[in-house]
Amino acid sequence: MVNLTIDDKQCTAPKTATIYEAAKINGINIPILCHDKKLKPFGACRMCLVEVEQMKGRQIPACTTPVTEGMIIRTSTPDIIKARKMVLELLLLNHPIDCPVCDKGGDCDLQNLTYEYKVSANRFTDEKFHHDIDYNNPLIERDMNRCVLCGKCARICDEIVSYGALTFMDRGIETKIACEFEAPLNCEFCGSCVSVCPVGSLLARPVKFKARIWAMSKEKSICSYCGTGCNLTLGVKDNKVLTTIYDPEQGFHKGQLCCRGRFGYQFVNSDKRLTTPLVRKNGVLVQSTWDEALQIVATRLKGAGSSAAALATARLTNEELMLFKKLMESIGSKNYDHSAGYAHAALTEGFARSFGTTSSPSTILDIQKSDLLLVINTDSYETHPVIGFEINMAVKNKGVKLNILSDKKGKLSKLPNATTLVHRPGTAIAVINAVAKAIIDEKLADGSAASVVGFTELEKALAGSTWESISVQSGLSATEIKQLATDYANAEKALILFPVGLAYPGHDAELASALANLAILTGKLGKEGCGVLCMPEKNNSQGAVDMKFYPADGGLDAAKIIDGCISGFVKTLFIAGENPLVSYPDHAKISSALDKIEFLVVSELFMTETAALADIVLPACSFAEKEGTFTSVDHRIQYIKPAIRKIGNSCSDFEIFSALLVKLGNKAPVSPASVFSSIENQAAGYNGLSYAKLGLDGAFASVNIKSTFIVPKATSINAEAGKLALVTGNALYHNGTLSQYGEGPMYVCPEGYVEISRTDADKLKIAENDLLTVSSSNGSIQLKARVSFRIPEGLVFTPYHFSSTPINKIWSGAPVTWVSLSR
Amino acid sequence: MSENAAIKILICQGTGGISMGAKEVEAAFVKHLAEKGVDALVGKRCDVIKTGCRGLCANDVLVDIITPEQGRVTYDFVKPEEVEQIIDEHIVNKSIMEKRKAKPYYNTFVDKQMRVVMTGCGQIDPDSLDAYKEEDGFKAIEKCVKSMKPEEVIEEVKKSGLRGRGGGGFPTGMKWSFCKASPGDHKYLICNADEGDPGAFMDRSLLEGDPYCIIEGMMIAAYAIGCDFGYVYVRAEYPLAVQRLQHAIDVCYEQGYLGKNIQGWGINFDMRIKMGAGAFVCGEETALMASIEGHRGMSRPRPPFPAVRGLWGYPTNINNVETFGNVRHIINKGSAWYASLGTETTKGTKIFAVTGKVKHTGLVEVPAGMKISEVIYDVCGGIANNRKFKAVQAGGPSGGCIPADILDTPVDYDSLIKAGAMMGSGGLVVMDETTCMVDVSRFFLNFTRMESCGKCVPCRIGLKVMLDILERITEGHGEISDIETLQDLGAAIKKASLCGLGQTAPNPILSTINYFRHEYEAHINDKRCPSNCCKELLLWQVVEDKCVKCGACKKACPVDAIVWEKGQLAFLDKEKCTKCKSCYDACRFMAIE
């Protein structure tokens, strides 16, 4: 701590603080325009100028100047006030001052400072700017006439998003923020630039002219897309979620959001929302009442026993999943599962046997505290973009080393000094086993490893493979793999990250155990900045695992439930929020199962392909209308409360399951809170938690690790001659099938596509946007081509989210599908 | 020179020399010497040597012939077709061609100077390592490595009193000690050769004329500070400097003067050139580093200073070319010798680029503390065309104007600042009575406002506003309150701007208002430009009592707007006139207003 005097007040501040921070800590506000604590010091706007006794004659920018012992600072002398007024006068010279029609009005730093400093006239004169306004995309409007050139947009895009869409251009008074070659904005559309813009230069177009900032209520919530668990502030007016509002203090991510989080909220108030229960009568779904619909379901479920089964989406709250399980158990069925049964295997089987727990032994916060990140699959950025931002910041600002093991390159590969080892598709487990082998062979293992259960078996199993065969199989040289092993083992702190989800069937229990082996071998567990972070796909995937919404004691898993539908063993299927017809592998099989099932109940927000086949359709609520908790990938439990009233006649799944429980003669729970308090008896790590204790930041469920070495079985891939290896995955802008109802994601990425290497494109004479027929042994679909140089020769990639192009028509759930392309 | 030594023909081949045909002159010498068999005729070897700039570029091509009989004789304005005659008369017949010899003022120009940093320039072949070694090249670094600890080198530089020649005047030894004190194994050294001031070209001449001297200076700094990698940031507009420096670096690598374990002395130093893309602001150290890193050249806030966190986050020391040029002389001749030159606060010599309305423009190196009047009148021969001196702009586009009554100001850092100007990189723009001080301010401000990186508000917008006001004044639309606004805004911009560019850009305006306020007032109140310079305020007529009826204006007029006959007063036809000012510039009697 250093002692200093600010405005004649004796103060102390940390040694690393700037004058601005020191003043803030001590309750003195210094005005800023270009400063953002997330970003590197910039010092452009000169609003924060102060006088420092020890640096007489100059005016010192408070936001960039560190404090020193004995500093005597004056923040508002007449000279300083005059200088700040001059800055504002100069800025207002060229600024259009069109506040009445500017969406930023009321939330604008320039407007507020002008008011505060009473700049009611201008000593100077100059023309206004005449820049063209960029209306080229429906999400972000760029009006450089209002720009004060604080550079925050360009800086956040570079420093945090690591995309670099915006930059300064030209010199002197002509300086402006522009995209390269003054092209229209075409980026990730995460809107980070919009969030930090202090004026109305960058605006979210979907909310333009819809509501003034003060007319909206600001409702705290949690994003319902991926498992990162980002916190949201929803801007609500007239029971409509109109926008997401940036709150730099919110969440571990400090308000940073990705495209779907920021621009994908429209599904909540979508016209397509189901608002009334529907009952199939004479083959047609007709409007009904809750009482009638639920009575039919209750009657059907009563005593159904194991002929009834349930599939849930991992987007339901913990409380809903708990209740759904209870409902199934009350009718005597153990047949319930989520995420197609395999997408949670990394946790429920892999980590369960390797770590003795079904949670990751790390948190997102470890990313920035680590020395080395080993990322499995570059898709980690696409699946969890805000975790991707954390990786960007760790690598760019903290010098954390980044090693990537992937079947293709990706955005993460472009980070400074990132090393990407591109292996043949489907050979990740073999490579990771080889890394473990190298750690043992090169004596890089931690002293504690040999005493862990299973070490001898692992050592023996790994000794069986030769470097030659590994190289032939994976396409990576022994040297590369050994280097990776050395880097990982020698790093003081190292963290492994890998995504799991419906589109990543290869990221299974074996992969999880293989990765767990690395951490156990090198002792990189249970310490800050170390461990393995499994990143499941959906907002409550970890919660669904924690609630044990997967089969045990002889219950059927998702695959067997589907088989059971076909065989007739399963007669009643209750699907809550899943759309297996689009998202589960093997379209033909799912289609036949849903055809054959006697009675299908679907609770949904929308009339999905699956809901359209149902006998009863129950209109459910979105995250914005209900109360409960979600558990993020790093087992942080976070509370949501309704931001708006329920849409139409919809009910939350909590209410649906409660009502059914009552109809089936059980006692209904009092509230989600009461269910939550009962969770602690059933979910390890949730002990002692209550809604009150979760607070705004949520709370981490405790995780206890008991390490065991497991011998992971590597997937065997049988290449088909003359065909390309198709791997499935996530598109950056989408998550599951829900994001199809978000306007933002659908603008940026409206349909499926197939990404192909330049080499293969040349060979097959394929050009960008060519409509291709992609055929596998399962069938064929048509997809537009994207020629990309991140894809290695012989590989094609396609995202899975789209009802219009359901890739499960060609994909049977294998990690690698062999396909041919034709125009 | 001994009787048997070779005859040397030194041909000035800086950028100025080459553009005046020095390469052709050299070729002519080589050709005629060979054809005539001069070596055999005079019984001596005749070496044709290309050298760097000698300073008086206006008189290029300059050829020095050194023979045992005549010693050194300089010919100026040499053309290839004259070469044969020079060889015949001077070398073969051993008689000096008096008529073609450089006039006495050339010798005055040279003799009045004191050449320390530029000793090699114009004397040695800049591409020859051997030539450099003959001039005690690499002796200084050898001395440092073999007999001095790094701390002692820094101490020696501190004692010499050397201050940064880039303009800031920060004590060099102190700067080095800061960087040395920063923790870290990896440190960078940068030589700032982004010489952007219009009219200044000493850095270019040094790199073109004596590149090894700069390399050695950097090696000494690197040894003293503990840097292992050096960048020379040169503007891409200096192709010859880049080419010669690159050649020198290549030769140094070949000969083991750069790289690992230099000369077996156990020191490592690598070096490379980074070319700048022509932004003036990249001469500012933080913008320069941003540019090397591949970012847009924009200044960054200090602290942290480069010595603590500079290039790519590592401790970095940045000095100007001329600063590095001084270093080897300090080591070779000792700090006491160096400190004996100059004034109390400014030691050593300083190179100035003298341009403008002076008789002999060029580079001059003089002991710090020489009076400006001596530089202009004694070294450079005074004002051209017998006009009256008005002011000298010192310190480049962000320097200030010094009027006649304080022309005795010594050229040292502190006196210049006191006079409202600054040392800057050492540009001296001399202005005579035809120069309008408002227009000069407008000119320099137009430059700085165009070159502002656009980052901080006062510089980006403030300079534009000041420029608008100045333009208004020079067009006759000024108001008397404008002067106060300019002063007010100028002072505020100086205080509030982020980097040196904005902090100094208002200087020309403030100093001209200070010394030449009456000119501003004349523009505003009388709508007249006293120097008859601002076009919009000219009357476009001939002053009858000044006209000497010479007709120079008629010859100069491109549109036949001047009516003149021999022995008659000239008349300007306003209908035809396009206000190009050719007549005004041609008239030596100030008879056009």
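Residues numbered from 1 in each chain as written. Chains lettered and ligands numbered in written order. Predicted model: local features only at pLDDT ≥ 70, side-chain atom pairs only at ≥ 80, totals over all residues.

**Quick word on the overall build of chain A**
Counting its secondary structure elements, chain A contains 25 helices and 33 strands. Relative to the 2.2 N^0.38 estimate, which gives 28 Å for 823 residues, the radius of gyration of chain A is 28 Å and therefore close to what a compact globule would have. Along the longest, intermediate and shortest principal axes, the C-alpha atoms of chain A span 85 × 70 × 60 Å. Residues classed as buried in chain A amount to 57% of the 823 residues present. Counted over contacts in chain A with a minimum sequence separation of 6, partners at least 24 positions apart contribute 75%. (Helix = DSSP H or I, 4+ residues; strand = E, 2+ residues; numbered from the N terminus. Rg over C-alpha atoms; globule rule 2.2 N^0.38 Å. Buried ≥ 20, exposed ≤ 12 C-beta atoms within 10 Å, placed from the backbone. Contact = placed C-beta atoms within 7 Å.)

**What to know about the overall build of chain B**
On a plain count of helices and strands, chain B comes out with 24 helices and 15 strands. The C-alpha atoms of chain B give 26 Å as radius of gyration, which agrees with the globular expectation for 593 residues (25 Å, within 12%). Taken along the three principal axes of its C-alpha coordinates, chain B extends 75 × 65 × 40 Å. Looking at the 593 residues of chain B, the share that counts as buried comes to 54%. Sequence-distant contacts in chain B: of pairs separated by 6 or more residues, those separated by 24 or more amount to 72%.

**Observations concerning the interface of chain A and chain B**
Facing the 29 residues of chain A at the interface are 25 residues of chain B. Listed by contribution, the elements that provide at least two residues to the side of chain A that touches chain B are helix H2 (78–94) and strand S7 (167–169) of chain A. It is H2 of chain A that contributes the most residues to the side of chain A that touches chain B, seven residues altogether.

**Quick word on helix H12 (residues 239–254) of chain B**
Helical geometry note: an α-helix holds 3.6 residues per turn, so side chains three or four residues apart project in the same direction. Residues and elements named next belong to chain B. Between its terminal C-alpha atoms H12 stretches 22 Å, which fits the 22 Å expected from 16 residues at 1.5 Å a residue. Considered for burial, the residues of H12 that qualify are Ala-241, Val-242, Arg-244, Leu-245, Ala-248, Ile-249 and Cys-252. Each element contacted by the buried residues of H12 is listed here: helix H10 (202–209), helix H11 (211–225), strand S6 (229–235) and strand S7 (270–276). At the exit of H12 stands Gly-256, carrying a positive phi of roughly 75°. (Expected span 1.5 Å × (residues − 1).)

**Quick notes on the nonpolar core**
In this structure, Leu-373, Val-435, Ile-496, Leu-515 and Cys-534 of chain A together with Ile-220 and Val-375 of chain B are the most contacted members of the largest nonpolar core, which totals 445 residues. For this core, the element with the most residues is H11 of chain B, which contributes twelve residues. In terms of nonpolar packing, the next biggest core, distinct from the first, is built from 14 residues, Ala-561, Ala-570, Cys-587 and Ala-591 of chain B among them. (Core = buried A, V, L, I, M, F, W, Y, C linked by C-beta atoms within 7 Å.)

**With respect to the sheet that holds strand S2 (residues 46–51) of chain B**
Residues and elements named next belong to chain B. Spatial strand order, S2-S1-S3-S4: four strands in an open sheet with mixed pairing. Two strands bound the open sheet, and with one partner strand each, they are S2 and strand S4 (71–75). Taken over all neighbouring pairs, the strand axes of this sheet differ in orientation by 20° on average, direction set aside. Two elements, strand S1 (residues 7–12) and strand S3 (residues 63–67), share four bridges in a ladder whose sense is antiparallel. By the bridge assignment, Ile-11 is partnered in S3 with Val-63. (Pairing = 2+ DSSP bridges. Axes fitted to C-alpha atoms, helices over the stretch in contact; angles between N-to-C directions.)

**Considering the packing of helix H18 (residues 437–451) of chain B against helix H22 (residues 507–526) of chain B**
Residue and element names in this part refer to chain B. Across the interface, H18 lies against H22 with an axial gap of 8 Å and an inter-helix angle of 135°. With respect to their mutual orientation, H18 and H22 come out oblique. Across the interface between the two elements, Met-437, Val-438, Val-440, Ser-441, Phe-444 and Leu-445 from H18 touch Pro-508, Ile-509, Thr-512, Phe-516, Glu-519, Tyr-520 and His-523 from H22. A breakdown of the residues in the contact of H18 with H22 according to their chemical character gives nine nonpolar, three polar and one charged. (Parallel < 35°, antiparallel > 145°, perpendicular 65-115°, else oblique. Nonpolar A, V, L, I, M, F, W, Y, C, P; charged D, E, K, R; others polar.)

**Some words on helix H19 (residues 457–474) of chain B**
Residue and element names in this part refer to chain B. Taking 1.5 Å as the rise per residue, H19 with 18 residues should run 26 Å; its terminal C-alpha atoms sit 25 Å apart, in good agreement. Most of H19 sits inside the fold, with 15 of its 18 residues counted as buried. Positive phi shows up at Gly-476, right after H19, with a value of about 85°.

**Focus on the packing of helix H9 (residues 172–181) of chain B against H11 of chain B**
All names here are of chain B. Here H9 crosses H11 at 45°, and the two axes come no closer than 9 Å. Relative to H11, the element H9 lies oblique. Across the interface between the two elements, Trp-176, Cys-179 and Lys-180 of H9 pack against Ala-221, Ala-224 and Ile-225 of H11. The class makeup of the residues in the contact of H9 with H11 is five nonpolar, no polar and one charged.

**Some remarks on the pairing of strand S1 (residues 2–6) of chain A**
Residues and elements named next belong to chain A. Relative to strand S2 (residues 9–13), S1 runs antiparallel, the two sharing five bridges. Within the sheet, the bridge partner assigned to Val-2 lies in S2 and is Ala-13. Linkage of S1 to S2, two consecutive antiparallel strands, is achieved through a turn of two residues, within which Asp-7 is found at a positive phi near 45°. With two bridges joining them, S1 and strand S5 (residues 72–74) adopt parallel strand pairing. Among the inter-strand pairings, Thr-5 is bridged to a residue of S5, identified as Ile-72.

**Here's the deal with the sheet that holds strand S26 (residues 636–640) of chain A**
One open sheet accounts for three strands, arranged S25-S26-S27 (chain A); its pairing is antiparallel. Looking at strand neighbours, the two that pair on one side only are strand S25 (628–631) and strand S27 (699–700) of chain A, the edges of this open sheet.

**Brief notes about unusual backbone geometry**
The phi angle of most residues is negative, glycine excepted, and most peptide bonds adopt the trans form. Cis geometry is found at the peptide bond from Asp-60 of chain B to Val-61 of chain B, where omega equals 5°. On the secondary structure map, Val-61 of chain B appears in the loop between S2 and S3. Residue Pro-304 of chain B follows Pro-303 of chain B across a cis peptide bond; omega there is 0°. With respect to the helices and strands, Pro-304 of chain B occurs in the loop between helix H13 (285–292) and strand S8 (316–320). Of note, Asp-170 of chain A is a non-glycine position whose phi angle comes to about 65°, a positive value. Overall, the presence of 12 C-beta atoms within 10 Å leaves Asp-170 of chain A in the exposed class.

**Considerations on the environment of Phe-129 of chain A**
All names here are of chain A. Summarising the element assignment, Phe-129 is placed in the loop between helix H3 (109–116) and strand S6 (140–142). Classification of Phe-129 as partly exposed rests on a count of 17 C-beta atoms within 10 Å. Counting along the chain gives 16 residues from Phe-129 to Asn-145, while the straight-line C-alpha distance between them is 5.3 Å. Contact partners of Phe-129, with chain neighbours within four places excluded, come to Asn-94, Met-144 and Asn-145.

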